[in-house]
Amino acid sequence: MTETVYLSFHDAINVDSAKRFIDYCTKANQQYQPKNLYFLFSSGGGAVDSGVTMYNFLLSLPQKIIMHNVGTIDSIANAVFLAGAERYAVPTSKFLLHGITWNFPQPASLTYTQMKEILSRFDAAEQLGAQI
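Residues numbered from 1 in each chain as written. Predicted model: local features only at pLDDT ≥ 70, side-chain atom pairs only at ≥ 80, totals over all residues. Heavy atoms only, no water.

A. Quick peek at the nonpolar core. One finds Phe21, Phe39, Phe41 and Leu58 to be the most contacted residues of the largest nonpolar core, which totals 26 residues. Those elements that provide at least two residues to this core are strand E1 (4-10), helix H1 (15-32), strand E2 (36-43), helix H2 (48-60), strand E3 (64-74) and helix H3 (77-81). Here the element with the most residues in this core is H2; it accounts for 5 residues. Here phenylalanine 39 is in contact with Leu7, Phe21, Cys25, Leu58, Ile65, Ile66, Met67 and His68, once residues within four sequence places are set aside. (Core = buried A, V, L, I, M, F, W, Y, C linked by side-chain atoms within 4.5 Å. Buried < 20%, exposed > 50% of the residue type's maximum accessible area, 1.4 Å probe, protein only. Helix = DSSP H or I, 4+ residues; strand = E, 2+ residues; numbered from the N terminus. Contact = heavy atoms within 4.5 Å.)

B. Here's a closer look at the packing of aromatic side chains. Taken as a whole, this structure holds 5 aromatic pairs when the rule is applied. Ring centres of phenylalanine 9 and phenylalanine 21 lie 5.5 Å apart, and the angle between their planes is 90°; this geometry places the pair in the edge-to-face category. Of the two residues, phenylalanine 9 is situated in strand E1 and phenylalanine 21 in helix H1; the sequence distance between them amounts to 12 residues. Across this residue pair, the class does not change: phenylalanine 9 and phenylalanine 21 are buried. Measuring from centroid to centroid gives 5.3 Å for phenylalanine 21 and phenylalanine 39, while their planes differ by 25°, and the two rings are stacked. Pair noted here: phenylalanine 21 is in helix H1 and phenylalanine 39 is in strand E2, with a separation of 18 residues, a long-range link. For phenylalanine 39, a relative accessible area of 1% translates into the label buried. (Phe/Tyr/Trp six-rings, centres within 6.5 Å; stacked < 30°, edge-to-face > 60°.)

Printed below as a string of structure tokens:
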């Protein structure tokens, strides 16, 4: 059993990077069975759903999670950062918090029902972000 395993993440948050993140954490757990997972973390944010998945995954781990902002933590990356039981930031790091943004492909054409569904998802994402 290892005391601490250090993992580095510097990437946008999306489905692919979240899968890699979860895969590396799982492999580190299997190989080293650490007491602590220490993340050197920096991300400009990205997809809300993927960030929430990373956050929930970290909360489900049996190890103590330590997050260290080594660059910039923007947008949904803040949620991932907040999964740490301990959180640190280097003096020249930064954080950016803002509301949820929804990107529409161009040209976009939506029915009333589709727009209501998007608004509902938008509201749910805002509320979840506030809870985290």
